[in-house]
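# Reading the structure
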Amino acid sequence: MQNYFNYFTEIEERFQQRRGSLLMLSTLDWALIETWKEAGIPLEAVLRGIDSAFDKHDAKALRAPGRTRKVNGLAWCAQSVMEAVEQANEAAIGAKPSDTTPDSGFESDRVVRFVEANAASLESATLTSPADTTATEVTTRLKTLATELRSQTTHSLEELDRTLSVLEEKLFAALLTATPEDQLVTLREQAARELAPYRGKMQAVQIKQVLQQFLQKRLFEANKLPRLSLFYMSHE
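So, a few notes on the structure that sits alongside this text. Here the structure is a predicted model, which is why all the values come from computation and not from measurement. (Residues numbered from 1 in each chain as written. Predicted model: local features only at pLDDT ≥ 70, side-chain atom pairs only at ≥ 80, totals over all residues. Heavy atoms only, no water.)

Another point: the overall build of the protein chain. Of regular secondary structure, the protein chain possesses nine helices and zero strands. Put simply, the protein chain has 236 residues, and 41% of those count as buried. Considering only residue pairs separated by 6 or more positions, the protein chain has 80% of its internal contacts joining residues 24 or more positions apart. (Helix = DSSP H or I, 4+ residues; strand = E, 2+ residues; numbered from the N terminus. Buried < 20%, exposed > 50% of the residue type's maximum accessible area, 1.4 Å probe, protein only. Contact = heavy atoms within 4.5 Å.)

Structure, rendered in structure tokens:
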């Protein structure tokens, strides 16, 4: 598993640096980063895409000073990021495979503590039906995983993360069922408003993924639930 624990912060820092002023990323921006991460888009490609988008923006600003709007969202860079990915894929064709394997950065004890901490957080969460039942089931599964990890000398991080992601998806599905309809409508309307200025720069599939990630992030935050994927494990 590639060590992308700094994926979010590096993207945020590069965006702020190129924008030239501090702008905290919105929930929608974070949802977009999650779709890039889940799609396996390399950090380097995202950073190149951000640079490319701002290079074009800066050039336009020089030609028409005072008439170019300030960039107010990461989604504005989405099209350039996709272009950077295509360029990277083209460049990789015929390239010699690397003989080196990147260090995962995921130590066994730290992974176990992460899984156990998430189990404890879920166990103490206050949820309504059917999310409470699902949370209990996921908690039991996390405890079992932690026990198995402690008894194994080696384990597949990729397989573990797939399992954790499936458990997180089960929680999300239960939260959707347990959340009142009017609250879900409000969240979707908020996401749609924030995304509206950038629809022309994003593909329909990507828009759908971002909206889904936005909703998932907000529901987990509202219910004070931990994200289970190893991607969210602290490396401090």
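Moving on to the pattern of salt bridges. For the structure shown, the criterion picks out ten salt bridges. Arg14 is the salt-bridge partner of Asp51, the closest N and O atoms lying 2.7 Å from each other. Pair noted here: Asp51 is in helix α3 (residues 43-63) and Arg14 is in helix α1 (residues 7-19), with a separation of 37 residues, a long-range link. With a shortest N-O distance of 3.1 Å, Arg150 and Glu116 are connected by a salt bridge. Taken as a pair, Arg150 in helix α6 (residues 131-151) and Glu116 in helix α5 (residues 108-124) lie far apart in primary sequence, 34 residues in all. Judged by relative accessible area, which is 51%, Arg150 ranks as exposed. Taken together, the shared-partner salt bridges in this structure form one network comprising Arg14, Arg18, Asp51, Asp55 and Asp58. (Salt bridge = Lys/Arg side-chain N within 4 Å of Asp/Glu carboxyl O.)

The final tally for this structure, using the stated rule, is two aromatic pairs. Between Phe15 and Phe54 the ring centres are 5.8 Å apart and the planes differ by 65°, which places this aromatic pair in the edge-to-face class. Residue Phe15 is found in helix α1, and its partner Phe54 is found in helix α3; the two are separated by 39 residues along the sequence. You'll find Phe15 and Phe54 in the same group, each marked buried. In this structure an aromatic cluster arises from ring pairing among Phe15, Phe54 and Trp76. Positioned over the ring face of Phe220 is Arg227, at 5.4 Å from the centre of the ring. (Phe/Tyr/Trp six-rings, centres within 6.5 Å; stacked < 30°, edge-to-face > 60°. Lys NZ or Arg CZ within 6 Å of the ring centre and 35° of its normal.)

Here the focus is the environment of Gln216. Tracing the chain through its elements places Gln216 in helix α9 (residues 204-222). Between the C-alpha atoms of Gln216 and Leu175, which are 41 residues apart in sequence, the distance is 8.8 Å. In contact with Gln216, not counting residues within four places along its chain, are Glu168, Phe172 and Arg227.

Tracing the sequence through the fold places Gln190 in helix α8 (residues 181-195). Each C-alpha atom, one on Gln190 and one on Phe214, is 9.7 Å from the other, the two residues being 24 residues apart in sequence. If we skip the residues at most four places from it in the chain, Gln190 touches Phe214 and Arg218. At a separation of 3.2 Å, a polar atom in the side chain of Gln190 contacts the side chain of Arg218. (Polar contact = N/O pair within 3.5 Å; in protein donor to acceptor, adjacent residues only side chain to side chain.)

Before going further, it helps to examine the packing of helix α7 (residues 157-178) against α9. A pair of packed helices is characterised by two quantities: the angle between their axes and the separation of those axes. Closest axis-to-axis distance for the α7/α9 pair is 10 Å, and the angle between their directions is 80°. With respect to α9, the axis of α7 lies roughly perpendicular. Only Gln212, Leu215, Gln216, Leu219 and Phe220 of α9 make contact with α7, whose side of the interface consists of Glu168, Leu171, Phe172, Leu175 and Leu176. Tallied by class, the residues present in the contact of α7 with α9 amount to seven nonpolar, two polar and one charged. (Axes fitted to C-alpha atoms, helices over the stretch in contact; angles between N-to-C directions. Parallel < 35°, antiparallel > 145°, perpendicular 65-115°, else oblique. Nonpolar A, V, L, I, M, F, W, Y, C, P; charged D, E, K, R; others polar.)

Take α7 next. The end-to-end C-alpha separation of α7 is 31 Å, in line with the 32 Å expected for 22 residues at 1.5 Å each. Within α7, burial applies to Leu157, Leu160, Asp161, Leu164, Leu167, Glu168, Leu171, Phe172, Ala174 and Leu175. Seen from one end, α7 has its buried residues packed into an arc of 165°, which puts them on one side. Looking at α7, the residues exposed on the side facing more than 90 degrees away from the buried face are Arg162, Glu169 and Thr177. Residues of α7 that are buried sit in contact with α5, α6 and α9. (Expected span 1.5 Å × (residues − 1). Arc of directions from axis to C-beta.)

What follows concerns the packing of α6 against α7. The contact between α6 and α7 brings their axes to 9 Å, and the two run at 170°. In terms of orientation, α6 lies roughly antiparallel with respect to α7. Facing Ala131, Thr134, Ala135, Glu137, Val138, Arg141, Leu142, Leu145 and Leu149 of α6, the residues of α7 in contact are Leu160, Thr163, Leu164, Leu167, Lys170, Leu171, Ala174, Leu175 and Ala178. In terms of residue class, the contact of α6 with α7 is made up of 13 nonpolar, two polar and three charged.

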